[in-house]
Amino acid sequence: MDGHGTDATNEPGADRAPVRLLGIGGSTRRESRSLAVLETALRLAEVHGAQTALADVRAMDLPLFAEDGSAAEQPPALRWLLQEVRMAEAYVLCSPTYHGTLSGAVKNALDALTPLGEDEPPYLAGRPVGLIALGGAGAANTLTALHHAARALGGLTVPTVVVVPSKAVDVHAREVVDQAVRRRLATMTHEVIHLAHRLRSPAPVPLGIR
Ligand SMILES: Cc1cc2nc3c(=O)[nH]c(=O)nc-3n(C[C@H](O)[C@H](O)[C@H](O)COP(=O)(O)O)c2cc1C
């Protein structure tokens, strides 16, 4: 999914090129609700002026991560994912709740980013991350687990996180249909894009330090 939209900021001097936002998530089943949620979030992000790409765990079908795998052994989907993560300025992570936490498939996709530890900056370092969890009461734990992983990868999680109950999703329309959940997704994507725009500006000189 790639798209262009209006810019998210009116700040003078801001680089107005669309923010490149990568969504990572979904599940391994065909009619995945969490994929529909992630797709909805990316569409809302496009309204806020992002250019989006989707890393769907089912479509990528990554092998289980092995730490001693060489670069030559990387399947094309992994090479694609690593390149997309490098190019993105911001991320949205979305996992279903499996047994009270994030799914193995989403965690495996995050583990597969290990080669980016050699980059400067490494992994998701210094870039905004929005978090979404699908599920019931246990989805709060899924958000916490995603937050731990995003933080370990150096990402800057935005304040608004989103729990999406299954009934908020029309899986056939591939859309979040609950208006309150859609508003929260829109707020989260706006925070991610706004922060990505602000991070493009040169860092201010720290006060009192010469
Ligand atoms: C192995 C497994 C464990 C699950 N555990 C939970 C759970 O702890 N809490 C919850 O709310 N839903 C749980 N569910 C329900 C899933 O979150 C729900 O089916 C969701 O739609 C799966 O995401 P998907 O539609 O993207 O495949 C579980 C489902 C599976 C397959």
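In case you missed it, the structure is sitting above this.
Residues numbered from 1 in each chain as written. Predicted model: local features only at pLDDT ≥ 70, side-chain atom pairs only at ≥ 80, totals over all residues. Heavy atoms only, no water.

A. Main features of the overall build of the protein chain. Per the secondary structure count, the protein chain includes six helices and nine strands. Among the 210 residues that make up the protein chain, the fraction classed as buried is 46%. For the protein chain, the proportion of contacts with a sequence separation of at least 24, taken over those separated by at least 6, is 78%. Surface summary for the protein chain: the accessible area is close to 10,600 Å², and the carbon and sulfur share equals 54%. (Helix = DSSP H or I, 4+ residues; strand = E, 2+ residues; numbered from the N terminus. Buried < 20%, exposed > 50% of the residue type's maximum accessible area, 1.4 Å probe, protein only. Contact = heavy atoms within 4.5 Å. Areas by Shrake-Rupley, 256 points an atom, 1.4 Å probe, with all protein chains shown as cover.)

B. Spotlight on the nonpolar core. Residues L22, I24, L81, V85, L93 and L113 are the most contacted members of the largest nonpolar core, which totals 32 residues. At six residues, the largest contribution of residues to this core is made by helix α5 (residues 139-152). Every residue in contact with L22, bar those within four places of it in the chain, is listed here: A53, L54, A55, L81, E84, V85, A88, A90, Y91 and V92. V19, L134, V164 and V169 belong to the second largest nonpolar core, which has 30 residues in total. (Core = buried A, V, L, I, M, F, W, Y, C linked by side-chain atoms within 4.5 Å.)

C. Spotlight on the pairing of strand β3 (residues 90-98). In terms of residue burial, β3 counts as a mostly covered element, since seven of its nine residues are buried. Where strand β1 (residues 19-25) and β3 come together, five bridges link them in parallel fashion. Bridging across to β3, L22 finds its partner in Y91. Here six bridges tie β3 to strand β5 (residues 128-134), and the two strands are oriented parallel to one another. Bridge assignment links C94 to a residue of β5, and that residue is I132. Inspection of the sheet shows β3 paired to strand β4 (residues 101-102) by two bridges, in the antiparallel sense. Looking at β4, one finds that T97 is bridged to L102. Turn length for the β3-β4 hairpin, with the two strands adjacent in sequence and antiparallel, is two residues, and the turn residue H99 shows positive phi of about 50°. (Pairing = 2+ DSSP bridges.)

D. Local environment of the site of the ligand. Taken together, 13 residues lie near the ligand, and S27, R29, S32, S34 and H99 sit nearest. Within the side chain of R29, a nitrogen or oxygen atom sits 2.8 Å from an oxygen atom of the ligand. Taking T97, its main chain carries an N or O atom lying 2.9 Å from an oxygen atom of the ligand. For the ligand, whose unbound accessible area comes to 620 Å², protein coverage reaches 68%. Looking at the shell around the ligand, the elements with two or more residues in it are α1 (33-47) and β3. Top contributing element to the shell around the ligand by residue count: β3, with three residues. (Near = heavy atom within 4 Å. Polar contact = N/O pair within 3.5 Å; in protein donor to acceptor, adjacent residues only side chain to side chain.)

E. Spotlight on the environment of A109. Note that A109 resides in helix α4 (residues 104-111). Each C-alpha atom, one on A109 and one on L78, is 8.7 Å from the other, the two residues being 31 residues apart in sequence. What A109 contacts, discounting residues up to four positions off in sequence, is I24, V57, M60, L62 and L81.

F. Fine view of the pattern of salt bridges. A complete count under the given rule lists seven salt bridges for this structure. Here E84 ties to R20 by a salt bridge, and the two come within 3.5 Å at their closest N and O atoms. Within this pair, whereas E84 is found in helix α3 (residues 76-87), its partner R20 is found in strand β1, the two being separated by 64 residues in sequence. In this structure R20 comes out as partly exposed when scored by relative accessible area, which is 22%. Between R174 and E39 there is a salt bridge, and its shortest N-O distance comes to 2.8 Å. On the criterion of sequence distance, the pair formed by R174 in the loop between β8 (169-170) and β9 (175-176) and E39 in helix α1 is long-range, its members being 135 residues apart. (Salt bridge = Lys/Arg side-chain N within 4 Å of Asp/Glu carboxyl O.)

G. Region of interest: α1. Along its 15 residues, α1 runs 21 Å from first to last C-alpha, staying within 8% of the 21 Å computed at 1.5 Å per residue. With 12 of 15 residues buried, α1 lies mostly within the body of the structure. Considered for burial, the residues of α1 that qualify are S34, L35, A36, V37, L38, E39, T40, A41, L42, L44, A45 and E46. Following α1 by one or two positions, G49 has its phi on the positive side, about 95°. (Expected span 1.5 Å × (residues − 1).)

Limitation: the analysis is restricted to geometry and does not speak to function.
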